[in-house]
Amino acid sequence: MVMVFYGSKGKSNPVSMENRVDHQTKNQITYDIHLPSDLGMLYKVRLGLQTLENNLSQLSLHHFKIQNTSTLDTFSLTINKTLPLSLNGDRWIEFPIQWPLKEALSVVTYHLTVFSRDILSERNLVHMTACIYGTHGDTGDRSLLRPLQNFQHGEENESFLVIVDAVELGELDKIVLLISSKTDCKLNIKKLHVKEAAKEHPIYVFEMNGEFSVDANKPEIQRDIPRSFVIRGDKQKNDLDNNLNKDGNQARNVTEYTIKVYTGDKRGAGTDANVHIILFGNEDKSEVFQLSQSLEHQNPFERGKVDTFKIKTKKIGSLYSIEIGHDGKGFASGWFLEKVEITDASRNSVYCFYCNRSVDQPIITLYTLFSFPQELVV
């Protein structure tokens, strides 16, 4: 059994439960744990089984108590769970630490859906784990090919659902995937979706569109998959707008941008895919925005056309770069992007981001070469 501690200054490596304290009481085991560095204020603990051995069928956990031997700060929690959580299932549990006068995070059930091709036919030979990262830490490596939920199989595509319980992660930003196999094989993974089980939105989309050649005699494959974009529900967008307008101070901290996207005038330049954008300023960066409601055209991003979009986001300062890309969907997903012009009326500035090439990958980064006053725009 091992534990991982998360604090305001970082997280620990897995700590083995080895140093038992003498004079144990019935049904209770006490360990001395020495953390290698100061983690700051602890906010969550992950507890689990390092390996699933044949001679260990189940481990029942009823109560957890931790005390800092220097300050005597004490936290206790009733767990009443058994590891693994199901036969060949998740062997980790997480719980938040509640300190006096400090609000604790909550435990959330996440649904991770894997869209793939030919993985399930290899699932008895392949080992695959995913670690989901957010603003409040990560889930650690969680097995994906354990007993599967909501398995769907099509002619060319398949998908399956993995349920992960974790202390809430905040805004998700990447997934680290680890793949190994007992035999040589090829796996095709299209994308991963992550959302909270209790909510329809937001859905965090991680595009991959990659084929992996797994060699039984080589180390496991690791892939870092950054977040591609976020699908947010209409109610969520409306709530954001309402909250921004309730408080005058909040409204003053919001900036509206006008985004003009120029599609090249070349054969096959347009796209039917879903386009998204992130703005980067010298103070902060924006969330991911879907560019779907063009002010000029019902079908945006057609050959030789200019599409205008308006977005509102927090103050991020003077723009210096953008990330723009698409999900590759639609009959004609290839896209030749000429340039992007972004107007910040609050700063009386227009920023130009030149591309002049095809956008084939999920995201490309463009940097502004110059900006100029708004009144000079013709």
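Here is what the cut-offs are and how they apply
- Residue numbers here run from 1 along each chain, matching the order of that chain's written sequence.
- The model is predicted, so local features are restricted to residues of pLDDT at least 70 and side-chain atom pairs to those at 80 or more, both for listing and for counting; the totals for chains, interfaces and linings are taken over all residues.
- Note that the side-chain values use all heavy atoms of the structure and ignore hydrogens as well as water.
- Note on conventions: DSSP H or I runs of at least 4 residues are helices, E runs of at least 2 residues are strands, and numbering of each starts at the N terminus.
- Classification of residues uses two cut-offs on accessible area relative to the type maximum, computed with a 1.4 Å probe and protein chains only: under 20% is buried, over 50% is exposed, and between them is partly exposed.
- Only heavy atoms enter the contact rule, under which two residues are in contact if any of them lie within 4.5 Å.
- All accessibility values rest on the Shrake-Rupley procedure with a 1.4 Å probe; residue burial counts only the protein chains present in the view.
- We treat two strands as partners when DSSP finds at least two bridges between them.
- Classification of ring pairs uses Phe, Tyr and Trp, with its six-membered ring standing for Trp, and accepts pairs whose centres are within 6.5 Å; under 30 degrees between planes counts as stacked, over 60 as edge-to-face, and the remaining range as tilted.
- Any Lys NZ or Arg CZ found within 6 Å of a ring centre and within 35 degrees of that ring's normal is scored as a charge over the ring.
- In what follows, salt bridge is the name for a side-chain nitrogen of Lys or Arg lying within 4 Å of a carboxyl oxygen of Asp or Glu.
- Definition of nonpolar core: a set of buried residues of the types Ala, Val, Leu, Ile, Met, Phe, Trp, Tyr and Cys, connected through side-chain atoms within 4.5 Å.

Student: Any chance you could explain the overall build of the protein here in plain terms?
Tutor: Assigned secondary structure in the protein consists of 2 helices and 27 strands. The burial tally for the protein puts 42% of its 378 residues in the buried class. Taking contacts inside the protein between residues at least 6 apart in sequence as the whole, the part at least 24 apart equals 66%. Element-wise, carbon and sulfur atoms account for 46% of the exposed surface of the protein, whose accessible area totals about 21,400 Å².

Student: It is not clear to me how the pairing of strand E24 (residues 336-344) should be interpreted in this structure. Could you clarify?
Tutor: Remark: a regular strand shows side chains that alternate across the two faces of the sheet. Most of E24 sits inside the fold, with 8 of its 9 residues counted as buried. When strand E19 (residues 254-263) meets E24, the two strands line up antiparallel, connected through 7 bridges. Considered in E24, the bridge of Lys260 is made with Glu341. Sheet topology note: the E24/strand E25 (residues 349-358) ladder contains 8 bridges and is antiparallel. Across the sheet, the residue bridging to Thr343 is Val350, located in E25.

Student: Whenever I open this one, the packing of aromatic side chains confuses me. Can you help?
Tutor: Centre distance and the angle of the planes are the two values used to describe a pair of aromatic rings. Considering all chains together, one arrives at 4 aromatic pairs under this definition. Their ring planes at 25° and their centres at 5.7 Å tell us that Phe301 and Phe309 sit as a pair that is stacked. Classification of Phe309 as buried rests on a relative accessible area of 2%. An aromatic cluster is present here, built from Phe301, Phe309 and Trp335 joined pairwise through their rings. When the ring centre of Phe336 is taken as reference, the NZ or CZ atom of Lys266 above it lies at 5.2 Å. Taking the ring centre of Tyr262 as reference, the NZ or CZ of Lys339 above it sits at 4.6 Å.

Student: Help me out: how do you make sense of the environment of Pro14 in this one?
Tutor: In this structure, Pro14 sits in the loop between strand E2 (10-11) and strand E3 (15-16). For the pair Pro14 and Val2, spaced 12 residues apart in the sequence, the C-alpha separation amounts to 5.9 Å. Beyond its immediate sequence surroundings of up to four residues, Pro14 is in contact with Val2, Met3 and Val4.

Student: Just checking my understanding: could you explain the pattern of salt bridges for this structure?
Tutor: Side chains that differ in charge, positive against negative, can pair when their charged atoms come close. Here the structure, examined in full by the defined rule, presents 11 salt bridges. Between Arg142 and Glu94 there is a salt bridge, with the nearest N and O atoms lying 3.3 Å from each other. With Arg142 in strand E11 (residues 142-143) and Glu94 in strand E7 (residues 92-96), this residue pair connects regions lying 48 residues apart in the sequence. Neither residue differs from the other here; Arg142 and Glu94 are each classed as buried. The network of salt bridges with common partners includes Lys11, Lys44, Arg46, Glu94, Asp138 and Arg142.

Student: Would you mind showing me how to read the nonpolar core here?
Tutor: Note that soluble globular proteins tend to have their nonpolar side chains buried in a common cluster. Among the nonpolar cores identified, the biggest contains 32 residues, and Leu112, Met128, Leu177, Ile179, Ile189 and Leu192 are the most heavily contacted of them. When neighbours within four sequence positions are excluded, Leu192 is seen to be in contact with Leu112, Thr113, Val114, Ile175, Tyr204, Val205, Phe206, Met208 and Ile225. Ranked by size, the runner-up nonpolar core spans 25 residues in total, among them Ile277, Leu319, Ile322 and Leu366.

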